[in-house]
Amino acid sequence: MNDKSNHQTAVELLQELGLKEYEARCFVALSRRPKGTAKEISEISAVPRTRVYDAIRVLETKGLVEVQHSNPKQFRAVSVDEAIETIRAEFVERTETLRTALRDVDPAEPAEQEEVSHEVWSLSGETGIDARVQQLIDEAEREVLIVSRHKVVFSDALLDRLRAANDRGVDIVVGTWNEEIRDRIERELPEADVFVSGIEMLGHSPFPEDDTDIGRLLLVDQSAILVSSLTGGEGNSEQAVFGRGFDNGFVAVVRRLMASEFSDGIEAGLPE
């Protein structure tokens, strides 16, 4: 990535994190030099000089810029690490405020009492699916079974969740026919049971025109299941469905299929 591309990326990311365009451009311009006047910042950032002062005032309020009251005034950006920590702290504070506000919002109408056993939901995108997988693992009380051949599924965050679950007494079972994943699980989660028997079928469809790949299968306490698919491989958007409830039809069908296909590889087995 060249300098111009890095510059633009930094400006865009700062905007995504809450700065306005001129503020982001002024901060990036200042971060490229020890200090600078409004005139110098304007020349580097292409921000009109009259707007530089407004942008700097906001950045100073946010703790991202320091001011030297000389003639002319000099400005300097705080260090990159300090800026990142300041932005991170503000982001965390905002998200916690948002959490409180959303929880305190009065419902538009009384919540319906739906039966858990009838819930089946869909998710799109790796980020949302990762979050739901981690939530389900955090809720596990007895057993977590996860099956995948994709290295991206077994992220550091997922392994941390699995390790925490194992520490509180949850049995961890991992199915994969990827040797690199298998070696990593055995190295980093030595208490987990790893199996390969019966799962190769997930990587091959009997229909020539079907390029859908199974992204991951997750079964938690035999009563919560998430199944995801990748169309065209890992580079494409991931889609998933998940259900809760031991008597949920979707959960029951997938649970029995998993018990049937993977029974040779799981010592404890799954109830039908």
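See the structure shown above.
Cut-offs and rules
Residues numbered from 1 in each chain as written. Predicted model: local features only at pLDDT ≥ 70, side-chain atom pairs only at ≥ 80, totals over all residues. Heavy atoms only, no water. Helix = DSSP H or I, 4+ residues; strand = E, 2+ residues; numbered from the N terminus. Buried < 20%, exposed > 50% of the residue type's maximum accessible area, 1.4 Å probe, protein only. Contact = heavy atoms within 4.5 Å. Areas by Shrake-Rupley, 256 points an atom, 1.4 Å probe, with all protein chains shown as cover. Axes fitted to C-alpha atoms, helices over the stretch in contact; angles between N-to-C directions. Parallel < 35°, antiparallel > 145°, perpendicular 65-115°, else oblique. Left-handed = near helix turned anticlockwise from the far one by under 90°. Patch = residues over 30% accessible without salt bridge, like charges linked within 9 Å, V, L, I, M, F, W, Y side chains within 5 Å. Salt bridge = Lys/Arg side-chain N within 4 Å of Asp/Glu carboxyl O. Pairing = 2+ DSSP bridges. 1 Å grid on protein atoms, 1.4 Å probe; cavity = no way out; pocket = protein on both sides within 12 Å on 5 of 7 lines; lining within 4 Å. Points joined across faces, edges and corners; volume = space filled by probe spheres on them. Nonpolar A, V, L, I, M, F, W, Y, C, P; charged D, E, K, R; others polar. Core = buried A, V, L, I, M, F, W, Y, C linked by side-chain atoms within 4.5 Å.

> Help me understand the overall build of the protein in this model?
From N to C terminus, the protein includes nine helices and nine strands. Here the protein holds 272 residues, and the buried ones make up 36% of them. The long-range fraction of contacts in the protein, counting pairs at least 24 apart against all pairs at least 6 apart in sequence, stands at 58%. A total accessible area of about 16400 Å² is found for the protein, and carbon and sulfur atoms account for 49% of it.

> Would you mind going over the packing of helix α7 (residues 156-167) against helix α8 (residues 179-188) with me for this structure?
Packed helix pairs are characterised by how far apart their axes lie and by the angle those axes make with each other. The interhelical angle for the contact between α7 and α8, taken along N-to-C directions, is 45°, at an axis separation of 11 Å. When the interaxial angle is binned, α7 and α8 end up oblique. Crossing geometry of α7 relative to α8 is assigned as right-handed. Contacts between α7 and α8 involve Asp-156, Leu-159 and Arg-163 from the former and Arg-184, Ile-185 and Glu-188 from the latter.

> Hey, could you run me through a nonpolar patch on the surface in this one?
The grouping of Leu-17, Phe-91 and Val-92 at the surface amounts to a nonpolar patch, some 270 Å² of accessible area in total. Tracing the backbone through its elements, the reader meets Val-92 in helix α5 (residues 80-104).

> Teacher, can you tell me more about the pairing of strand β2 (residues 74-77) here?
Working note: regular strand, side chains alternate between the two faces of the sheet. Taken together, the four bridges between strand β1 (residues 65-68) and β2 define a ladder with antiparallel strand orientation. Among the inter-strand pairings, Val-67 is bridged to a residue of β2, identified as Phe-75. Between β1 and β2, which pair antiparallel and follow one another directly, the connecting turn spans five residues.

> Would you mind going over the layout of surface pockets with me for this structure?
In this structure, the largest pocket occupies an estimated 220 Å³ of space. Elements with a contribution of two residues or more to the lining of the largest pocket: α1 (3-16), α2 (21-31) and α5. For the lining of the largest pocket, the leading source of residues is α5, giving four residues. Looking at the lining of the largest pocket residue by residue, the class counts come to ten nonpolar, one polar and no charged.

> Would you mind going over unusual backbone geometry with me for this structure?
Comment: phi is negative for the bulk of residues other than glycine, and the bulk of peptide bonds are trans. That bond from Asn-71 to Pro-72 is cis: its omega, 0°, falls within 30 degrees of zero. Structurally, Pro-72 is set in the loop between β1 and β2. In this structure, Asp-221 is a non-glycine residue whose phi angle is positive, near 50°. Among the secondary structure elements, Asp-221 is positioned in the loop between β7 (212-220) and β8 (224-231). Positive phi, normally seen in glycine, also occurs at Gln-222, with a value near 60°. Within the fold, Gln-222 resides in the loop between β7 and β8.

> Can you help me understand the nonpolar core in this one?
Val-144, Leu-218 and Leu-226 are the most contacted members of the largest nonpolar core, which has 27 residues in total. Among the secondary structure elements, those contributing two or more residues to this core are α6 (126-139), β4 (143-147), α7, β5 (171-175), α8, β7, β8 and β9 (238-244). Those residues within four positions of Leu-226 in sequence are excluded, and the remaining contacts are Leu-123, Ile-129, Arg-132, Val-133, Leu-136, Arg-216, Leu-217, Leu-218, Ala-240, Val-241 and Phe-242. Formed by 23 residues, the second largest nonpolar core is a distinct cluster that contains Val-28, Ala-38, Val-47 and Leu-59.

> Would you take a moment to explain the pairing of β9 for this structure?
Looking at chain direction, strand β3 (residues 120-124) and β9 are connected through five bridges and run antiparallel. Within the sheet, the bridge partner assigned to Ser-124 lies in β9 and is Gln-239. Pairing geometry for β8 and β9, over seven bridges, is antiparallel. Following the sheet pairing, Ala-224 is matched in β9 by Arg-244.

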